[in-house]
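Given next are the chains, with one letter for each unit.
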Amino acid sequence: MAEKFDHLEEHLEKFVENIRQLGIIVSDFQPSSQAGLNQKLNFIVTGLQDIDKCRQQLHDITVPLEVFEYIDQGRNPQLYTKECLERALARNEQVKGKIDTMKLTLGRLSPVNEVLTGQWKAKQTRSAVPKLSCPETCIGHREGEEVHGLQETLPPKIGIYNNSKGFYGLSHVLPKCIG
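Now for a look at the structure at hand. All of these numbers come straight from a predicted model, not from anything done at the bench.

**Focus: the pattern of salt bridges**
Applying the stated criterion to the full structure yields five salt bridges. A salt bridge links glutamate 10 to lysine 14; the nearest nitrogen and oxygen atoms lie 3.5 Å apart. Of this pair, glutamate 10 and lysine 14 both sit in helix H1 (residues 2–27), four residues apart, which is roughly one turn of that helix. The class for glutamate 10 is partly exposed, based on a relative accessible area of 39%. For aspartate 100, the salt bridge goes to lysine 96, with nearest N and O atoms at 3.0 Å. Taken together, the positions of aspartate 100 and lysine 96, both in helix H4 (residues 77–126) and four residues apart, correspond to about one turn of that helix.

**Some remarks on the packing of H1 against helix H2 (residues 34–57)**
Put simply, H1 and H2 touch, their axes get as near as 9 Å, and they point 160 degrees apart. Viewed along their axes, H1 and H2 adopt a mutual orientation that is roughly antiparallel. Of the two possible hands of crossing, H1 and H2 adopt the one that is left-handed. Only Gly36, Leu37, Lys40, Leu41, Phe43, Ile44, Gly47, Leu48, Asp50, Ile51, Cys54 and Gln57 of H2 make contact with H1, whose side of the interface consists of Lys4, His7, Leu8, His11, Leu12, Phe15, Asn18, Ile19, Gln21, Leu22, Ile25 and Val26. Residues of the contact of H1 with H2, tallied by class, amount to 14 nonpolar, seven polar and three charged.

**Considerations on a nonpolar patch on the surface**
On the surface, Val63, Leu65, Phe68 and Ile71 cluster together to form a nonpolar patch covering roughly 390 Å² of accessible area. Within the secondary structure layout, valine 63 lies in the loop between H2 and helix H3 (65–72).

**A word on the packing of aromatic side chains**
Counted according to the given criterion, the structure contains one aromatic pair. An angle of 75 degrees between the planes, with centres 5.6 Å apart, marks the rings of tyrosine 70 and tyrosine 80 as edge-to-face. A residue pair is termed long-range when its members are at least 10 positions apart, and tyrosine 70 in helix H3 and tyrosine 80 in helix H4 qualify at ten residues. Judged by relative accessible area, which is 9%, tyrosine 70 ranks as buried. If you follow arginine 75 out to its NZ or CZ, it ends over the ring of tyrosine 70, 4.2 Å from the centre.

**Describing the side chain of lysine 40**
Looking at the element boundaries, lysine 40 is found in helix H2. Within the buried set, lysine 40 has no salt-bridge partner at all; the shortest N-O distance to an opposite charge, 6.8 Å, is to glutamate 17. At a separation of 3.4 Å, a polar atom in the side chain of lysine 40 contacts the side chain of asparagine 18. Apart from the residues within four sequence positions on either side, lysine 40 is in contact with Asn18, Gln21, Leu22 and Ile25.

Thresholds, definitions, all that
- Residues numbered from 1 in each chain as written.
- Predicted model: local features only at pLDDT ≥ 70, side-chain atom pairs only at ≥ 80, totals over all residues.
- Heavy atoms only, no water.
- Salt bridge = Lys/Arg side-chain N within 4 Å of Asp/Glu carboxyl O.
- Helix = DSSP H or I, 4+ residues; strand = E, 2+ residues; numbered from the N terminus.
- Buried < 20%, exposed > 50% of the residue type's maximum accessible area, 1.4 Å probe, protein only.
- Axes fitted to C-alpha atoms, helices over the stretch in contact; angles between N-to-C directions.
- Parallel < 35°, antiparallel > 145°, perpendicular 65-115°, else oblique.
- Left-handed = near helix turned anticlockwise from the far one by under 90°.
- Contact = heavy atoms within 4.5 Å.
- Nonpolar A, V, L, I, M, F, W, Y, C, P; charged D, E, K, R; others polar.
- Patch = residues over 30% accessible without salt bridge, like charges linked within 9 Å, V, L, I, M, F, W, Y side chains within 5 Å.
- Areas by Shrake-Rupley, 256 points an atom, 1.4 Å probe, with all protein chains shown as cover.
- Phe/Tyr/Trp six-rings, centres within 6.5 Å; stacked < 30°, edge-to-face > 60°.
- Lys NZ or Arg CZ within 6 Å of the ring centre and 35° of its normal.
- Lys, Arg positive; Asp, Glu negative; His and termini not counted.
- Polar contact = N/O pair within 3.5 Å; in protein donor to acceptor, adjacent residues only side chain to side chain.

Here is the structure:
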């Protein structure tokens, strides 16, 4: 990969030198120097063709636009790389701090998790399938009708009910009945 860049750098250096020499010839032009001028112009055309051949070898290389902005501002493009690395390091330290904090928090919560898991398992063994009376808010059963199962995974909700007198109001609604 480096030899591709070395090859391009060599062609660019030759091209810049030919441009510099062309400027000298043009600034002190005399009719007798026409042959030298033509030769330098041919070297410049050949140099541009060589640079174009290098472009085909480096078609997969992308340069961030910020690098060109640095160059336009007269700044060293290597400063862009340095600043990107510094930003990445700072962000890495922030993320590492968050990860360490989460590990510490999870470590402190694991005993609580074990207690809650034990309580949940004990509750599950005690009440495998509860027998409840269906509230009047449950669709599909009449009030007081025996229900053989209840979805315990859903929490109770507040809902609108219709009592026997046609009155609508808010009620504590049990989860959807099964059975």
